Amino acid sequence: MSIMKIDDIEIREADIFKILLDNFPDMIHSIGDDGKIVYTNKTAETLLGYTSEELIGKDIKEIYADRILREMEKGFSDLKEDGDKNIPESWLKTKDGEEIPVEIRSFSIYDDKGNFLRTFSILRDLRTVKDLQNSLAHAGRLAAIGELASGVAHDINNPLTVIMLSNEIMQKELESDMAHDEMVEGIKSQTVSVKKASQSIEKLANHLRNFSRGVEEKHEKVDLAHCIDDALFMTDNKMIKADVQLQNNIEKERYYVDGAPNKLEQIFMNLISNACDAMEDAETRNIAIDISSCERTAGKYWKVDVSDTGAGIPENILGEIFQSFMTTKKKDKGTGLGLSISRGIASEHKGDIQVKSTLGEGTTFSVFLLKATT
């Protein structure tokens, strides 16, 4: 038995190792070949709300969220075969039923003959990180609204002008000597215009309120065509001012993903706005939006391409454009956070954003999003 002395107190090395594991800031557990928990540290007890006695011997499926059990079982099987596995995001389930997002790093332990014995996993609580990501994404939305403020004001001003003119016409007709029936028909016509203009303002106001809200959104089945239409609605005035021609033949009720609608809209709104800025000095100003199907390691995906005919991005900085505060825009145009936030949102949806660019010809950003399962 190996003994160490600390301040004249004899402590076994095994006890020191246990103390270190129990005080490790991340959750640690070990799973046997039968899928039962054989070890957990104190952090696991605190995080999950169980005692050590309750956790030891419990089936690993009981501490993972029900909706990812199939994925978890496959991961456990792969881990036993491959020897190690890193999972950027998974979901635990506490004793009270609360779901906790975690990052997992695991490896397998084998005997001298190569037979699997157990896993050893470190699980990091991602709640603080996700709160920060949500705050950053919210800040990005507000920044995007600020950047498009003049366009929003224009979109409100136009229907307001219609309402004011219609009101003035109705007042004059009421004060005129025209026949009753003619007056009624004239007023009816103006009320239709007022109603349409009011609905336009209401739509914009509701959209701004929903888009700018800071609460965490629940994932749901989302029609990508609807998200893209909303993004185009928000950037419409910017495209008009930039004299951009749009090619968008995406069909509704065909391309579905599981996600947060406002966050997905934020991705496309950012890419469309960036495309407009990239074509500021271009003779031809076209934006094309296309969707195609593809397969990646994690499954079947929709690939959404947003292409422009701008100046392109130099190859030496192409690999840096997703870094925070990195921007190719002119001074005072953009925060340098849009692409970083957008890629973070895509990653949160088990997707990614990639870019291809040719100087003098244009740029294509490809958004990969996992297809909806149902």
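See the structure printed just above.
Residues numbered from 1 in each chain as written. Predicted model: local features only at pLDDT ≥ 70, side-chain atom pairs only at ≥ 80, totals over all residues. Heavy atoms only, no water.

### Side note on the packing of aromatic side chains
Applying the stated criterion across every chain, the model contains 4 aromatic pairs. Pairing Tyr-255 with Trp-302 gives two aromatic rings, centres 4.8 Å apart and planes at 85 degrees, and the pair type is edge-to-face. A residue pair is termed long-range when its members are at least 10 positions apart, and Tyr-255 in the loop between β9 (245-248) and β10 (256-259) and Trp-302 in strand β12 (residues 299-308) qualify at 47 residues. For the pair Tyr-255 and Trp-302, a shared accessibility class is recorded, and that class is buried. Ring pairing ties together the aromatic residues Phe-76, Tyr-110 and Phe-116, which thus form one cluster. The ring of Phe-368 has Arg-296 sitting right over it, with the charged end atom 4.2 Å from the ring centre. (Phe/Tyr/Trp six-rings, centres within 6.5 Å; stacked < 30°, edge-to-face > 60°. Helix = DSSP H or I, 4+ residues; strand = E, 2+ residues; numbered from the N terminus. Buried < 20%, exposed > 50% of the residue type's maximum accessible area, 1.4 Å probe, protein only. Lys NZ or Arg CZ within 6 Å of the ring centre and 35° of its normal.)

### Points about the sheet that holds strand β3 (residues 27-31)
Whether parallel or antiparallel, the strands of a sheet pair through hydrogen bonds between backbone atoms. Reading across the sheet, the 5 strands line up as β4-β3-β7-β6-β5 and stay open at both edges, with antiparallel pairing between neighbours. Of all the strands in the sheet, just β4 (37-40) and β5 (84-93) have a single pairing partner and so form its edges. Sheet twist, expressed as the average angle between the axes of neighbouring strands with direction ignored, equals 30 degrees. As paired elements, β3 and strand β7 (residues 116-125) share 3 bridges and run antiparallel to each other. Bridging across to β7, Met-27 finds its partner in Leu-123. Contacting β3, β5, β6 (99-110) and β7, helix α4 (residues 69-82) runs over the sheet at an angle of about 30 degrees to β6. (Pairing = 2+ DSSP bridges. Axes fitted to C-alpha atoms, helices over the stretch in contact; angles between N-to-C directions. Contact = heavy atoms within 4.5 Å.)

### What about a nonpolar patch on the surface?
There is a patch of nonpolar side chains on the surface, built from Phe-107, Ile-109 and Leu-117 and spanning about 240 Å² of accessible area. The topology assignment puts Ile-109 in strand β6. (Patch = residues over 30% accessible without salt bridge, like charges linked within 9 Å, V, L, I, M, F, W, Y side chains within 5 Å. Areas by Shrake-Rupley, 256 points an atom, 1.4 Å probe, with all protein chains shown as cover. Salt bridge = Lys/Arg side-chain N within 4 Å of Asp/Glu carboxyl O.)

### What about the pattern of salt bridges?
Per the stated rule, a full pass over the model turns up 18 salt bridges. Between Asp-229 and Lys-252 there is a salt bridge, with the nearest N and O atoms lying 2.5 Å from each other. Separated by 23 residues along the polypeptide, Asp-229 in helix α8 (residues 224-241) and Lys-252 in the loop between β9 and β10 bring together distant segments of the chain. For Asp-229, a relative accessible area of 26% gives the class partly exposed. Exposure remark for Lys-252: the relative accessible area of 54% places this residue in the exposed category. The shortest N-O distance in the salt bridge between Lys-238 and Asp-277 comes to 3.1 Å. You can see Lys-238 sitting in helix α8 and its partner Asp-277 sitting in helix α9 (residues 261-278), a full 39 residues away along the chain.

### Some points on the sheet that holds strand β11 (residues 286-296)
Taking strand neighbours across the sheet as the criterion, the 5 strands line up as β9-β11-β12-β14-β13 in an open arrangement whose pairing is mixed. Each of the sheet's edge strands pairs with one partner strand only, and the pair in question is β9 and β13 (352-358). Sheet twist, expressed as the mean angle between neighbouring strand axes with direction ignored, is 20 degrees. Where β12 lies against strand β14 (residues 362-370), 8 bridges are found, and the strand directions are antiparallel. Within the sheet, the bridge partner assigned to Ser-307 lies in β14 and is Thr-364. Sitting on the sheet, α9 is in contact with β11, β12, β13 and β14, with an inclination near 175 degrees to β14.

### Overview of α8
An ideal rise of 1.5 Å per residue puts 26 Å on 18 residues; α8 measures up with 26 Å between its terminal C-alpha atoms. Along α8, the sharpest change in direction is near 55 degrees and occurs at Thr-235. Of all the residues in α8, the buried ones are Leu-224, Ala-225, Cys-227, Ile-228, Asp-230, Ala-231, Leu-232, Met-234, Thr-235, Asn-237, Lys-238 and Met-239. Regarding α8, its N-cap is Asp-223, as a side-chain oxygen of that residue lies 3.0 Å from the backbone nitrogen of Ala-225 further along. Immediately downstream of α8, the backbone of Asp-243 shows phi near 55 degrees, a positive value. (Expected span 1.5 Å × (residues − 1). Bend = angle between axes of the 7 residues up to and from the residue. Polar contact = N/O pair within 3.5 Å; in protein donor to acceptor, adjacent residues only side chain to side chain.)

### A few points about the nonpolar core
One finds Leu-224, Ile-267, Phe-268, Ile-287 and Phe-365 to be the most contacted residues of the largest nonpolar core, which totals 44 residues. Listing elements by their share of this core, those giving two or more residues are α8, α9, β11, β12, α10 (315-318), α11 (338-348), β13 and β14. Beyond its immediate stretch of four places on either side in the chain, Phe-268 contacts Leu-224, Cys-227, Ile-228, Ala-231, Val-304, Val-306, Val-367 and Leu-369. Met-27, Tyr-50, Ile-100 and Leu-123 belong to the second-largest nonpolar core, a separate cluster that totals 21 residues. (Core = buried A, V, L, I, M, F, W, Y, C linked by side-chain atoms within 4.5 Å.)

### As for the side chain of Ser-121
Note that Ser-121 resides in strand β7. There is a polar contact of 2.6 Å between the side chain of Ser-121 and the side chain of Ser-106. Beyond its immediate sequence surroundings of up to four residues, Ser-121 is in contact with Met-27, Ile-28, His-29, Ile-104, Arg-105 and Ser-106.

### Here's the deal with the packing of α8 against α9
Orientation of α8 relative to α9, taken along the N-to-C sense of each, is 40 degrees, at an axis distance of 8 Å. Viewed along their axes, α8 and α9 adopt a mutual orientation that is oblique. Handedness of the crossing formed by α8 with α9: right-handed. Contacts between α8 and α9 pair Leu-224, Cys-227, Ile-228, Asp-230, Ala-231, Leu-232, Met-234, Thr-235, Lys-238 and Met-239 from the former with Pro-261, Leu-264, Glu-265, Phe-268, Met-269, Ile-272, Ser-273, Cys-276 and Asp-277 from the latter. A breakdown of the residues in the contact of α8 with α9 according to their chemical character gives 13 nonpolar, 2 polar and 4 charged. (Parallel < 35°, antiparallel > 145°, perpendicular 65-115°, else oblique. Left-handed = near helix turned anticlockwise from the far one by under 90°. Nonpolar A, V, L, I, M, F, W, Y, C, P; charged D, E, K, R; others polar.)

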